[in-house]
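# Structural characterization, general
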Amino acid sequence: MNQQGKAIIVSAPSGAGKSTIVRAILEEHPELEFSISACSRPPRGQEIDGVDYFFLNEATFQQRIQAGDFFEWEEVYAGMYYGTLHAELDRIWSKGATVIFDVDVVGGLKIKQLLKERACAIFIKPPSLTALKERLEKRQTDSQEKIEMRIAKAEEEMALASGFDHVVLNDELPLAIQEVEQLIRDFIKA
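The following paragraphs examine the structure supplied in this document.

Scoring rules and cut-offs
Residues numbered from 1 in each chain as written. Predicted model: local features only at pLDDT ≥ 70, side-chain atom pairs only at ≥ 80, totals over all residues. Heavy atoms only, no water. Buried < 20%, exposed > 50% of the residue type's maximum accessible area, 1.4 Å probe, protein only. Helix = DSSP H or I, 4+ residues; strand = E, 2+ residues; numbered from the N terminus. Arc of directions from axis to C-beta. Polar contact = N/O pair within 3.5 Å; in protein donor to acceptor, adjacent residues only side chain to side chain. Pairing = 2+ DSSP bridges. Axes fitted to C-alpha atoms, helices over the stretch in contact; angles between N-to-C directions. Contact = heavy atoms within 4.5 Å. Salt bridge = Lys/Arg side-chain N within 4 Å of Asp/Glu carboxyl O. Parallel < 35°, antiparallel > 145°, perpendicular 65-115°, else oblique. Left-handed = near helix turned anticlockwise from the far one by under 90°.

### Quick look at helix H4 (residues 105–115)
Buried within H4 we find Val105, Gly107, Gly108, Ile111, Lys112 and Leu115. Buried residues in H4, looked at end-on, bunch into an arc of 160 degrees, giving them a common side. Near the N-terminus of H4, the side chain that reaches the backbone nitrogen of Val106, with its oxygen 3.2 Å away, is that of Asp104. Two residues or fewer after H4 comes Lys116, characterised by a positive phi angle close to 50 degrees.

Put into structure tokens, the structure is as follows:
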């Protein structure tokens, strides 16, 4: 693997706005390239294989773990795996681009631990768990049971925010985007 590349890690509880922030930043910064994660869940809504995620079934995901294809991976929910393929990082870094990750909190901390000072880890904090629940319900992509599961996990994830280099409150989306953008600019220049 090319060890020269830098990485931006954007993590948050589900529904906190990390994907929206990452998409907005990618539109303005061609020097960044999105790392497409692999997952073992089916596509949601308009998600496209190879664009939003590499969708693998659980058995294939486990085979690729055994083959050593993953830079990092985890079982986020029972039977639901997410991870970063070595090939994806090689693809981005070989172009000289900075990789940007949109990953869950535990995955973000794992990537930061592996890349150390080569990564800038940013935690996107929702204004409250109530606001987070409202955002998840508004998305209309999950059952009420799944939303409750995500809120319970969000409580645990909020406690891990101090493990990140920066915490950005996403109360006003345009301000959160601006703040993340400035953190990225500062890190890339360093």
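Read on, since the account is not over.
### Here we look at unusual backbone geometry
The phi dihedral of Lys116 falls on the positive side, at around 50 degrees, and the residue is not glycine. Mapped onto the elements, Lys116 comes out in the loop between H4 and strand E8 (119–125).

### Side note on the sheet that holds strand E6 (residues 80–85)
Strand order in the open sheet formed by four strands is E4-E3-E6-E5, with mixed pairing between adjacent strands. In this open sheet, the two strands that pair with only one neighbour each are strand E4 (53–55) and strand E5 (70–77). Neighbouring strand axes in the sheet, compared pairwise and without regard to direction, differ in orientation by 25 degrees on average. Of the strands in this sheet, E4, E5 and E6 are in contact with helix H3 (residues 86–94), which crosses E6 at around 35 degrees.

### Notes on the pairing of strand E7 (residues 98–103)
The element E7 is extensively covered by neighbouring structure, given that six of its six residues are classed as buried. Residues Thr98, Ile100 and Asp102 of E7 are buried on one face, and the alternating residues Val99, Phe101 and Val103, pointing to the opposite face, are buried as well. As judged from the five bridges shared by strand E1 (residues 7–11) and E7, these two strands associate in the parallel manner. Residue Ile9 lies in a different strand from E7, and its bridge partner there is Phe101. Bridge analysis of strand E2 (residues 32–34) against E7 gives three bridges, and the strand direction is parallel. Note that in E7 the partner of Glu33 across the bridge is Val99.

### Structural notes on the pattern of salt bridges
Per the counting criterion, the structure on display carries nine salt bridges. The salt bridge partner of Glu88 is Arg91, with a shortest N-O separation of 2.7 Å. Pair noted here: Glu88 and Arg91 are both in helix H3, with a separation of three residues, about one helical turn. Residue Glu88 is classed as buried on the basis of its relative accessible area of 5%. Between Arg185 and Glu181 there is a salt bridge whose closest N-O contact spans 3.8 Å. In this pair, Arg185 and Glu181 both sit in helix H7 (residues 173–189), four residues apart, roughly one turn of the helix. Its relative accessible area of 33% is what places Arg185 among the partly exposed residues. Sharing partners across several salt bridges, the network here consists of Glu33, Glu88, Arg91 and Lys95.

### A short note on the packing of helix H1 (residues 18–28) against H7
Following both chains from N to C, one finds H1 and H7 inclined at 60 degrees, their axes separated by 10 Å at the closest point. Relative to H7, the element H1 is oriented oblique. Crossing hand, H1 versus H7: right-handed. Here Thr20, Ile21, Ala24, Ile25 and Glu28 of H1 come into contact with H7, specifically with Leu173, Ala176, Ile177, Val180, Glu181 and Ile184.

### Let's talk about the sheet that holds E1
Strand order in the open sheet formed by five strands is E2-E7-E1-E8-E9, with parallel pairing between adjacent strands. With partners counted over all chains shown, the strands left at the sheet margins are E2 and strand E9 (166–169), one partner each. When strand polarity is set aside, the average angle formed by the axes of neighbouring strands in this sheet is 25 degrees. Sheet strands in contact with H1 are E1, E2, E7 and E8, and its direction is about 160 degrees off that of E7.

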